[in-house]
Amino acid sequence: MARYVMKRIVYMVITLFIIATVTFFLMKLLPGSPLQNQEKLTPEQRQIILEKYGLNDPVPVQYVRYLGNLLKGDLGVSFQYDNRPVTELIGERIGPSAQLGFQAIVFGTVVGLLLGIFAAIRHNTWGDYTATVISVLGISIPSFVLAGFLQYFIGVKLQWLPVAFWEGFEYTILPTLALSVSVIANIARFMRTEMLEVLSSDYILTARAKGISNAAVIVRHAIRNSLIPIITILGPMIVNLMTGTLVIENIFAVPGLGEQFVRSISLNDYPVIMGTTLFYSALLILAIFIVDILYGVVDPRIRLAGGNK
Amino acid sequence: MEKILEVKDLHISFDIHAGEVQAVRGVSFDLYKGETLAIVGESGSGKSVTSKALMRLLPTPPSRIKQGEILFEGKDLAKLSDKEMQNIRGAKISMIFQDPMTSLNPTMTIGKQVMEAILKHQEISKEEARKRAVELLQLVGIKNAEMRMKQYPHQFSGGMRQRVVIAIALACNPKILIADEPTTALDVTIQAQILELMKDIQKKLGMSIIFITHDLGVVANMADRVAVMYAGKIVEIGTVDEIFYNPKHPYTWGLLASMPSLDHKDMELYSIPGTPPDLLNPPKGDAFAPRNPYALKIDYELEPPMFKVSDTHYAATWLLHENAPKVEPPQIVRDRVAKFAQIVARKGGGSRG
Ligand SMILES: Nc1ncnc2c1ncn2[C@@H]1O[C@H](COP(=O)(O)OP(=O)(O)O)[C@@H](O)[C@H]1O
Ligand SMILES: [Mg+2]
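Conventions used here
Residues numbered from 1 in each chain as written. Chains lettered and ligands numbered in written order. Predicted model: local features only at pLDDT ≥ 70, side-chain atom pairs only at ≥ 80, totals over all residues. Heavy atoms only, no water. UniProt positions renumbered as here; feature names shortened; annotations may be inferred. Helix = DSSP H or I, 4+ residues; strand = E, 2+ residues; numbered from the N terminus. Rg over C-alpha atoms; globule rule 2.2 N^0.38 Å. Buried < 20%, exposed > 50% of the residue type's maximum accessible area, 1.4 Å probe, protein only. Contact = heavy atoms within 4.5 Å. Core = buried A, V, L, I, M, F, W, Y, C linked by side-chain atoms within 4.5 Å. Pairing = 2+ DSSP bridges. Salt bridge = Lys/Arg side-chain N within 4 Å of Asp/Glu carboxyl O. Nonpolar A, V, L, I, M, F, W, Y, C, P; charged D, E, K, R; others polar. Near = heavy atom within 4 Å. Polar contact = N/O pair within 3.5 Å; in protein donor to acceptor, adjacent residues only side chain to side chain. Areas by Shrake-Rupley, 256 points an atom, 1.4 Å probe, with all protein chains shown as cover. Axes fitted to C-alpha atoms, helices over the stretch in contact; angles between N-to-C directions. Domains from an automatic or database assignment. Expected span 1.5 Å × (residues − 1). Parallel < 35°, antiparallel > 145°, perpendicular 65-115°, else oblique. Left-handed = near helix turned anticlockwise from the far one by under 90°.

In the annotation of an unreviewed UniProt entry, the entry for chain B reads ABC transporter ATP-binding protein, and the organism field reads Symbiobacterium thermophilum. Its UniProt record gives chain B the following Subcellular location (unreviewed entry) comment, quoted word for word: "Cell membrane". Listed under Sequence similarities (unreviewed entry) in UniProt, the entry text for chain B is "Belongs to the ABC transporter superfamily."

For chain A, an unreviewed UniProt entry supplies the name ABC transporter permease and the organism Symbiobacterium thermophilum. Quoted verbatim from the Subcellular location (unreviewed entry) field of UniProt, the annotation for chain A is "Cell membrane". Per its UniProt entry, chain A bears the Sequence similarities (unreviewed entry) comment "Belongs to the binding-protein-dependent transport system permease family."

**Things to note about the overall build of chain B**
The secondary structure content of chain B amounts to 11 helices and 12 strands. Relative to the 2.2 N^0.38 estimate, which gives 20 Å for 353 residues, the radius of gyration of chain B is 21 Å and therefore close to what a compact globule would have. Taken along its principal axes, the extent of the C-alpha atoms in chain B is 70 × 50 × 40 Å. Classification of the 353 residues of chain B by burial places 52% in the buried group. The contacts of chain B with a sequence gap of at least 6 include a subset with a gap of at least 24, amounting to 66%.

**Here we look at the nonpolar core**
Residues and elements named next belong to chain B. One finds Val114, Leu137, Val164, Ile166 and Met198 to be the most contacted residues of the largest nonpolar core, which totals 40 residues. Listed by contribution, the elements that provide at least two residues to this core are α3 (110–121), α4 (126–139), α6 (158–170), β7 (176–180), α7 (188–205), β8 (208–213) and α8 (216–222). In terms of residue count, α6 provides more of this core than any other element does, 7 residues in total. Among residues more than four places away in sequence, those in contact with Val114 are Ala133, Leu136, Leu137, Val164 and Ile168.

**Examining the pairing of β8 of chain B**
All names here are of chain B. Burial analysis of β8 places 6 of its 6 residues in the buried class, the great majority of the element. Taken together, the 5 bridges between strand β3 (residues 36–40) and β8 define a ladder with parallel strand orientation. Within β8, the residue paired with Ala38 across the bridge is Phe211. In this structure, β7 lies alongside β8, joined through 5 bridges in parallel fashion.

**Some points on the interface of chain B and chain A**
Contacts between chain B and chain A engage 26 residues on the former and 21 residues on the latter. The shortest N-O distance in the salt bridge between Glu116 of chain B and Lys210 of chain A comes to 2.7 Å. Secondary-structure elements contributing two or more residues to the side of chain B that touches chain A are α2 (82–88) and α3 of chain B. In terms of residue class, the side of chain B that touches chain A is built from 9 nonpolar, 10 polar and 7 charged.

**Things to note about the site of ligand 1**
Residue and element names in this part refer to chain B. Near ligand 1 lie 13 residues; those nearest to it are Gly44, Gly46, Lys47, Ser48 and Val49. At a separation of 2.7 Å, an oxygen atom of ligand 1 approaches a polar backbone atom of Gly44. Ser48 places a polar side-chain atom, nitrogen or oxygen, 2.7 Å from an oxygen atom of ligand 1. When the free accessible area of ligand 1 is taken as 560 Å², the share hidden by the protein chains comes to 66%. Sorting the residues of the shell around ligand 1 by element identifies β1 (3–16), β2 (19–32) and α1 (47–54) as the ones contributing at least two each.

**Notes on the sheet that holds β7 of chain B**
Residue and element names in this part refer to chain B. Sheet architecture is open: 8 strands sit in the order β6-β7-β8-β3-β9-β10-β12-β11, paired in mixed fashion. Two strands lie at the open edges of the sheet, namely β6 (93–96) and β11 (307–308), each paired on one side alone. α7 rests against β3, β6, β7 and β8 of the sheet, and its axis sits at about 160 degrees to β8.

**A short note on the domain arrangement of chain B**
Once the domains are mapped, chain B shows domain 1 (103–171) and domain 2 (244–347). Inter-centroid distance (C-alpha atoms) of domain 1 of chain B to domain 2 of chain B is 42 Å.

**Some details on the sheet that holds β1 of chain B**
Sheet strands pair via backbone hydrogen bonds, and the direction of the pair is either parallel or antiparallel. Residues and elements named next belong to chain B. The antiparallel open sheet is built from 4 strands, whose spatial order is β2-β1-β4-β5. The outermost strands of the open sheet, each flanked by one partner alone, are β2 and β5 (75–76). Alignment of strand β4 (residues 63–72) against β5, held across 2 bridges, turns out to be antiparallel. Of the residues in β5, the one forming a bridge with Leu71 is Asp76.

**A short note on the UniProt feature "transmembrane region" (unreviewed entry) in chain A**
All names here are of chain A. In the numbering adopted here, UniProt assigns the feature "transmembrane region" (unreviewed entry) to residues 9–27, 100–121, 133–153, 173–191, 227–252 and 272–295. Structurally, residues 9–27 is divided into 100% helix and 0% strand, and its ends, taken at the C-alpha atoms, are 27 Å apart. Within the segment residues 227–252, helix and strand shares are 96% and 0% respectively, and the terminal C-alpha atoms sit 33 Å apart.

**Some thoughts on the side chain of Gln151 of chain A**
Residue and element names in this part refer to chain A. Looking at where Gln151 falls in the secondary structure, it is placed in helix α6 (residues 143–157). Given the relative accessible area of 14%, Gln151 is considered buried. A distance of 3.2 Å separates a polar side-chain atom of Gln151 from the backbone oxygen of Val163. The residues touching Gln151, leaving out its near neighbours within four places in the chain, are Val156, Val163, Leu174, Ile251 and Phe252.

**Thoughts on α6 of chain A**
Residue and element names in this part refer to chain A. Taking 1.5 Å per residue as the helical rise, α6 with its 15 residues ought to reach 21 Å, and the 20 Å between its terminal C-alpha atoms agrees with that figure. Within α6 the residues assigned to the buried category are Leu146, Ala147, Leu150, Gln151, Ile154 and Gly155. Looking one or two places after α6, you find Gln159, whose phi comes out positive at around 55 degrees.

**Remarks on the pattern of salt bridges**
Side chains that carry opposite charge are capable of pairing whenever their charged atoms lie near each other. Residue and element names in this part refer to chain B. Enumeration according to the criterion identifies 29 salt bridges over all chains in this entry. Notably, a salt bridge pairs Asp30 with Lys3, separated by 3.5 Å at the nearest N-O pair. Within this pair, whereas Asp30 is found in strand β2, its partner Lys3 is found in strand β1, the two being separated by 27 residues in sequence. In this structure Lys3 comes out as partly exposed when scored by relative accessible area, which is 41%.

**Description of the packing of helix α7 (residues 169–199) of chain A against helix α9 (residues 214–251) of chain A**
Residues and elements named next belong to chain A. One way to put it is that α7 packs onto α9 with a least axis distance of 8 Å and a crossing angle of 150 degrees. One element, α7, and the other, α9, form an angle in the roughly antiparallel class. The two elements α7 and α9 cross, and the hand of that crossing is right-handed. When grouped by side-chain class, the residues that make up the contact of α7 with α9 number 21 nonpolar, 7 polar and 1 charged.

Following this line, the structure appears as structure tokens:
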């Protein structure tokens, strides 16, 4: 197990290195310049500014310097936000994004699981069909459409919850809902399929043949075994959620990482773009790593295959 | 002998989109205390559906018990509520299934899976249940039972898993053990060990066994009586000796002829021509008639009743009617019957208990 973890960590570092390299060179290919109002600058002024940020050096030099800084945990300074370090900018903005993502994952997973289990137990009845329709809708409706819908009906019409901004828990509810719908839908659909498969397996028959109640069969035998494959989709789900936050934070004017990321792209703020991309990638790689470890914890077959024999 | 279970005219159907699959079409048999009744027949003949119905393990829908009674200890199991049935399942009647590789929960320890059955039906503490589980594992021949309790199914071989499944089934000393092709998925040597174990345990605990198989070879050394099933019906039933030495139904002849050979120089393997009927639209008359070289005209018109051969031996074929032409079993079957007799004579054993 320890060897497996070490190996995975090495791979994670290599992956991050590749992502850092790719983003760096892609950045060089971006059209436009980070300088605003360039027309008003004299060529000399432009030179001074480019010099100051090291943008005049040959690309390989810039690349090596960038990697060196990266190793020290330095993501550079922003071109736009008063030369503030990118790490500081990310640190300031991560709070709302993390809260939103966390709430959406937890709420979405719990509701999705319940919906999936319900549909499987009620297989081929109205309960099942309703749950299936809900998850198909949830998968096919983009979160920004849903966000607008929620803002209009719950925020504007009914005035139950604030339409936008970030000033307390009630402000988090609508964006969380908008984000979690796709989580609910995906998890419900997956859980339903898994549960149906598990419920038709031989060991469920063995369990029922013991005379234990239907509830005990479902709780003790069916749910745990259905959950194992669910863990694998949590990785991609988190990716989904992260890209989702980019849009949702903008719609609900949440002062999060995503909102800042989108802004930095429109401003050609290279260090912020690269820093945030790397940060997202690192989170993602970490999430996938944790998911894999979790898989081993839940499934004894994998736990042993990896380690003490 | 004391009757422990009485199945009367059991009909089971599955309602599917295409219509009604009549999987079991009037099965009746008795099970006596301490005996082993084998149910044999080709795949699809309704053996599993019948046995699951006794345990009420068939999902409803799509299945339903259309008609018939399953009498056990003065109650009709076909009419019990789910709750009442749960108290019988695993306690008084237990079941083991075909594939030990898939019939244990892969994420639960062996110990927990055995203890679960004990704790459901007995008012004892966890610790006592644990002790009892260890004893059960020892009873079915699992060594290091204490240590094995903490392991998961994937750490057991197929044969060992089937022993665990048997231990679970025995958790509450059931009166009836139903085994649905318990050795079909195992290789020959392991198969022999499991069969030996089942006989051994039956001797110790004295329960009745319903042993389902498509392999007549296994039946000869396991069963006291044999019921032969075809297309959802029992077509012949009798003691092992009656079925092996004096088979009356052409389908039983076919099964005997298609048994893998007992002697060294293998005879050509026979198989019954044709395929079983579609139970969505069961044919008129005798369902076996189209595959039966001895079929009479009446077979296509009218279903044969059970004709009595002896007090314990019945067969549903018009050939037993007094007006029917006298027909001998085919040569290959007569050869085999003679061979069985030889083997038994050599072993010096006649009829069995
Ligand atoms: N869930 C089901 N839905 C429809 N038909 C079924 C179902 N289960 C079994 N059957 C039908 O019942 C018949 C008997 O099956 P089974 O009892 O499994 O045969 P076997 O003798 O091989 O154990 C088969 O024709 C099969 O197609
Ligand atoms: Mg079967």
